[in-house]
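Structure at a glance
Listed here are the chains, written in short residue letters.
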Amino acid sequence: MAHVIVGVTGGVAAYKSGEIVRAFVKAGDDVTPILTRGAERFLGTRTLEALARRAAPDDLYPHLADADLLLIAPLSANTLAKLATGIADNILTQLALAFPAPIVVAPAMNTRMWEHAATQHNIELLRQRGVRVVGPAFGELAEGEVGTGRMSEPTEIVEACRAILNQTGGGELVGRSVLVTAGGTREALDPVRYLGNRSSGRMGFAVAAEAARRGGSVTVIAANVALAPPPGVEVINVVSAAELADETLARDDADLVVMAAAVADYRPSAPEKSKKKKDEGNWTVAFERTQDVLLELGRRQRPGQILVGFAADEGEQGLAAAREKRQRKNVNVIVFNDVSRTDVGFEVDDNEVVLIGPDGETRVDKRSKEECAVAILDNVIPLLASA
Ligand SMILES: Cc1cc2nc3c(=O)[nH]c(=O)nc-3n(C[C@H](O)[C@H](O)[C@H](O)COP(=O)(O)O)c2cc1C
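Because the structure is predicted, anything quoted here is derived from the model rather than measured. (Residues numbered from 1 in each chain as written. Predicted model: local features only at pLDDT ≥ 70, side-chain atom pairs only at ≥ 80, totals over all residues. Heavy atoms only, no water.)

Here we take up the environment of Cys-161. The residue Cys-161 is located in helix H9 (residues 154-168) in this model. Assessed through its relative accessible area of 0%, Cys-161 is described here as buried. Separated by 59 residues in sequence, Cys-161 and Pro-102 place their C-alpha atoms 9.1 Å apart. Those residues in contact with Cys-161 that sit more than four places away from it in its chain are Phe-24, Leu-69, Leu-71 and Val-104. (Helix = DSSP H or I, 4+ residues; strand = E, 2+ residues; numbered from the N terminus. Buried < 20%, exposed > 50% of the residue type's maximum accessible area, 1.4 Å probe, protein only. Contact = heavy atoms within 4.5 Å.)

Here it is, written out as structure tokens:
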């Protein structure tokens, strides 16, 4: 159970803060709501106090001492500016200035307010100081305009807070660095065309989200993933296999590395410098091998580190090849995916995998990729503990 202070400022999205408070209370957390006077124009203090099952404090200091996290949602442009400059003219801004634990903010405002140079400067200052910023999202705003400025969904905000609380509190991966690759690389044929694969990144993002939920400090190397980043996770975007190799190998000291990305094995050896014009003839392209990142990680593996690779292959023969790959590449666990099936694997919601580890094999029956991620980490974390 954590103690969370939920600050609410004056904006239309203030009504959603009730949902946020409820989600924390439901999870067993202790919530102290603090509303600015601006927020009270949108929401009754009593409503939040009732949802939190406790009154906003008159004396802030005892709450400061034992709070694990301060969330401000929604965060108005006005309070953001105060936080950026250190103004402490109300109970919430005083608290933020003296707060010793992590701060999470979820800005919400009109698109033009959000895009204004002053606001962008202020939010960047907060980021630099280690404040976690969730959103804002793109969508329809209260005034009927469409743009960036909507407060992120309460579930996303609470998840981001949960990931941080796990990092600073309980969780099996607390104090562990986790590196996950996700998505599918693209290899240029010319400046506008590429060869890619059908990996959506959903499996890798699910592993990253689950690792963050368990308290890991998680970085995802994302190759062409069109999904929203998992809350509480650092995402580094890459395009090609070479970029993925560079970013991954630069972080080869992570405690747990999960290579879920579909990385190209071959790339055009001499991509065209400008767009190839259509003519009557065929186009023959020569390919060269890309770097085998998993093999290289296996070579570099340090004591105490756990490596997990994925093998997308077909049927029983593919499974046998995956067993061989585990040995040859010196990785601890291979997650075998049967890509001959259309109901699991690439571009679909479900997966069915076989986990090939040092102590035998575990078949994980068809289930959502999120549930597969849970099974994978349940399988791998004991290895990390004993490595
Ligand atoms: C109807 C209405 C809606 C508003 N919505 C927002 C909003 O979504 N975001 C924002 O930053 N300010 C919004 N404002 C302006 C703030 O309420 C105003 O800047 C106020 O001083 C914020 O005070 P606070 O930051 O102390 O809560 C709105 C004002 C009104 C009257």
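That was the structure; now back to the text.
Attention now goes to the site of the ligand. Taken together, 15 residues surround the ligand, and among them Gly-10, Thr-36, Ser-76, Ala-77 and Thr-79 come closest. The separation between an oxygen atom of the ligand and a polar side-chain atom of Arg-41 is 3.2 Å. Contact between the ligand and Ala-77: an oxygen atom at 2.7 Å from a main-chain N or O atom of the residue. Its free accessible area being 640 Å², the ligand has 66% of it covered by the protein chains. Of all the elements, helix H5 (residues 77-85) adds the most residues to the shell around the ligand, at 3 residues. (Near = heavy atom within 4 Å. Polar contact = N/O pair within 3.5 Å; in protein donor to acceptor, adjacent residues only side chain to side chain. Areas by Shrake-Rupley, 256 points an atom, 1.4 Å probe, with all protein chains shown as cover.)

Right, let's get into the packing of helix H10 (residues 202-213) against helix H14 (residues 369-386). Between H10 and H14, whose axes approach to 8 Å, the crossing angle comes to 55°. On the basis of their axis angle, the class for H10 and H14 is oblique. The two elements H10 and H14 meet at a crossing, and its hand is right-handed. In this structure, H10 contributes Arg-202, Met-203, Ala-206, Val-207, Glu-210 and Ala-211 to the contact, and H14 contributes Lys-369, Glu-370, Cys-372, Ala-373, Val-374, Ile-376 and Leu-377. In the contact of H10 with H14, the residues fall into 9 nonpolar, no polar and 4 charged. (Axes fitted to C-alpha atoms, helices over the stretch in contact; angles between N-to-C directions. Parallel < 35°, antiparallel > 145°, perpendicular 65-115°, else oblique. Left-handed = near helix turned anticlockwise from the far one by under 90°. Nonpolar A, V, L, I, M, F, W, Y, C, P; charged D, E, K, R; others polar.)

Within helix H3 (residues 45-52), burial applies to Leu-48, Glu-49 and Ala-52. Seen from one end, H3 has its buried residues packed into an arc of 100°, which puts them on one side. Projecting away from the buried face of H3 at angles above 90 degrees are the exposed residues Arg-46 and Ala-50. Those residues of H3 that are buried lie in contact with strand E1 (3-8), helix H1 (17-26) and strand E2 (30-35). Positioned one or two residues after H3, Arg-53 has a phi angle of 60°, which is positive. (Arc of directions from axis to C-beta.)

An order of E12-E11-E8-E13-E16-E17-E18-E19 is seen for the 8 strands of this open sheet, with the pairing classed as mixed. A strand with exactly one partner marks an edge of an open sheet, and here the two such strands are strand E12 (234-238) and strand E19 (360-368). Going across the sheet, the axis of each strand differs from the next one's by a mean of 15°, ignoring polarity. In this sheet, E12 lies alongside strand E11 (residues 217-223) in parallel orientation, the contact comprising 5 bridges. (Pairing = 2+ DSSP bridges.)

This paragraph deals with the packing of aromatic side chains. Applying the stated criterion across every chain, the model contains 0 aromatic pairs. Sitting over the ring of Trp-283, Lys-276 keeps its end group 5.5 Å from the ring centre. Here the basic side chain of Arg-289 rests over the ring of Tyr-266, its NZ or CZ set 5.6 Å away from the ring centre. (Phe/Tyr/Trp six-rings, centres within 6.5 Å; stacked < 30°, edge-to-face > 60°. Lys NZ or Arg CZ within 6 Å of the ring centre and 35° of its normal.)

Attention shifts here to the nonpolar core. Among the nonpolar cores identified, the biggest contains 37 residues, and Val-180, Val-218, Val-220, Leu-256, Val-308 and Ile-376 are the most heavily contacted of them. Within the residue set of this core, elements represented by two or more residues are strand E8 (177-183), H10, E11, strand E13 (256-259), strand E16 (306-313), strand E17 (333-338), strand E18 (350-357) and H14. Per-element accounting of this core gives the leading share, 9 residues, to H14. Apart from residues lying up to four places away in sequence, Ile-376 is in contact with Met-203, Val-207, Phe-310, Val-335 and Leu-355. In terms of nonpolar packing, the next biggest core, distinct from the first, is built from 30 residues, Val-25, Val-31, Leu-48 and Leu-165 among them. (Core = buried A, V, L, I, M, F, W, Y, C linked by side-chain atoms within 4.5 Å.)

Pro-74 follows Ala-73 through a cis peptide bond whose omega is -5°. The peptide bond linking Gly-135 to Pro-136 adopts the cis configuration, its omega dihedral lying at 5°. With phi around 60°, Asn-330 is a residue other than glycine that occupies positive phi space.

The next subject is empty space enclosed by the protein. A probe matching the size of a water molecule, rolled over the atoms, marks out where space remains unfilled. Under the criterion given, the structure shown has 1 cavity of 30 Å³ or more. Put simply, the largest cavity is a space of about 40 Å³. What lines the largest cavity is simply Glu-159, Arg-162, Ala-163, Ala-209, Ala-212, Arg-213 and Pro-231. If you list the elements that add at least two residues to the lining of the largest cavity, you get H9 and H10. In terms of domain composition, the lining of the largest cavity takes at least three residues from each of domain 1 (3-165) and domain 2 (173-386). (1 Å grid on protein atoms, 1.4 Å probe; cavity = no way out; pocket = protein on both sides within 12 Å on 5 of 7 lines; lining within 4 Å. Points joined across faces, edges and corners; volume = space filled by probe spheres on them. Domains from an automatic or database assignment.)

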